[in-house]
Structure formats: C-alpha cells, structure tokens
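Residue-level structural notes
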Amino acid sequence: LGMDVSGIEITQGIVDQTTARMRNLGYQTDLRVGRNTSVPFDDQYFDYILACHCCYYCDESETFADNMQEYARVMKTGAYLVASVAARSSYIFDNAQPLEDGSFVIQSDPYGNRNGYRLQGFSDTVQLEAYLSRWFTNFSFGFADNNYYGISERVFWVVCQKN
C-alpha cells in the first residue's frame, strides 16, 4: 500500500524480535518502546493508527482518556484511528472491580495473565462514541464476538477521524 510501518511495544525485547521478523519478511519498520500514554513519536506524525487489543489497557494512575489524548497528539488532523475496544460483556470483565474512572481491575482472567491490570470497557457504541468524541469524529462501528474454546471475547471495532 506504500505506507511506512511504525509501532510501539512495551519492551525492547518485543521490539527487537518483531523488527527481526519484519526484516526477514522484507519489511522495514520503525518500532520503539512505548506505552499508551507515552507514544515516542512527534506531534501530528501519523495518518493512521491501528490499535488492535491494546488501547484500553490503563497504566497505574492513568486513564483511557489519557491514552486517547496521547493517540490524538501523534495523529494529524483528519487522521484515522482503527481500534478494537473491549466490550463490557467480554469474559475479561467477569468479577472485575469497577473503578470511578470507568475502568475495571481484572480479577478472573482464565489465562491468569491480566489479573490486577486495569482495562476500560464499554457497554455499547453510544457510550463509546460519546467518550471518544472529545478527540474524534466521523464514527463507524463493528462488533466481534470471538469464541475461543468456550471463552467469549467481545470487542467493538471503531474507525474514526481525529478532530
């Protein structure tokens, strides 16, 4: 498609491994260590951001709003965000502890990987659009209900443009 590929991951090891894999496939990438609230790219850098199963993770003392503010910072005006956002009905929120900011502390991850992590979840696309409209406009939504051997992962897909 003629696009440059950039991205962030949470450890240098993942960045190095992914860079090597992409190079072996013939692709040059610009991958860096970062977090949802600390994207190590300049202001208005991106025309597109794909956030697949990641933007709804909230670090300690940070919120989903902080994540979206940072995404908006690195996006050009009119740039597109394509993101999966956790549906409140997804398995990961079973027995989760709700917090005042709308996030949840995960307590019953059947895989045991995310217990203690904070994730943002949304009940419906109306709630999601209202939340994101501070930074984005021109919304389109989808929904996926993936059954992984009896575990129901549910996510909203959203495509929108930066204000």
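Residues numbered from 1 in each chain as written. Predicted model: local features only at pLDDT ≥ 70, side-chain atom pairs only at ≥ 80, totals over all residues. Heavy atoms only, no water.

Assigned secondary structure in the protein chain consists of three helices and 10 strands. Beginning at the N terminus, the succession of helices and strands in the protein chain can be written as β-α-β-β-β-α-β-β-β-β-α-β-β. Across its three principal axes, the protein chain shows a C-alpha extent of roughly 40 × 35 × 30 Å. By residue count, 38% of the 163 residues in the protein chain fall in the buried class. If you take every contact in the protein chain between residues at least 6 apart in sequence, the share linking residues at least 24 apart comes to 60%. With an accessible surface of roughly 9300 Å², the protein chain has 48% of that area assigned to carbon and sulfur atoms. (Helix = DSSP H or I, 4+ residues; strand = E, 2+ residues; numbered from the N terminus. Buried < 20%, exposed > 50% of the residue type's maximum accessible area, 1.4 Å probe, protein only. Contact = heavy atoms within 4.5 Å. Areas by Shrake-Rupley, 256 points an atom, 1.4 Å probe, with all protein chains shown as cover.)

Before going further, it helps to spend a moment on the pattern of salt bridges. As enumerated under the stated definition, the model contains eight salt bridges in all. Between Arg-35 and Asp-59 there is a salt bridge; the shortest N-O distance is 2.6 Å. One end of the pair, Arg-35, is in the loop between strand 2 (29–33) and strand 3 (46–51); the other, Asp-59, is in the loop between strand 4 (57–58) and helix 2 (64–74), and 24 residues separate them in sequence. Residue classification places Arg-35 among the partly exposed residues on the basis of a relative accessible area of 33%. Taken together, the shared-partner salt bridges connect Asp-43, Glu-70 and Arg-73 into one network. (Salt bridge = Lys/Arg side-chain N within 4 Å of Asp/Glu carboxyl O.)

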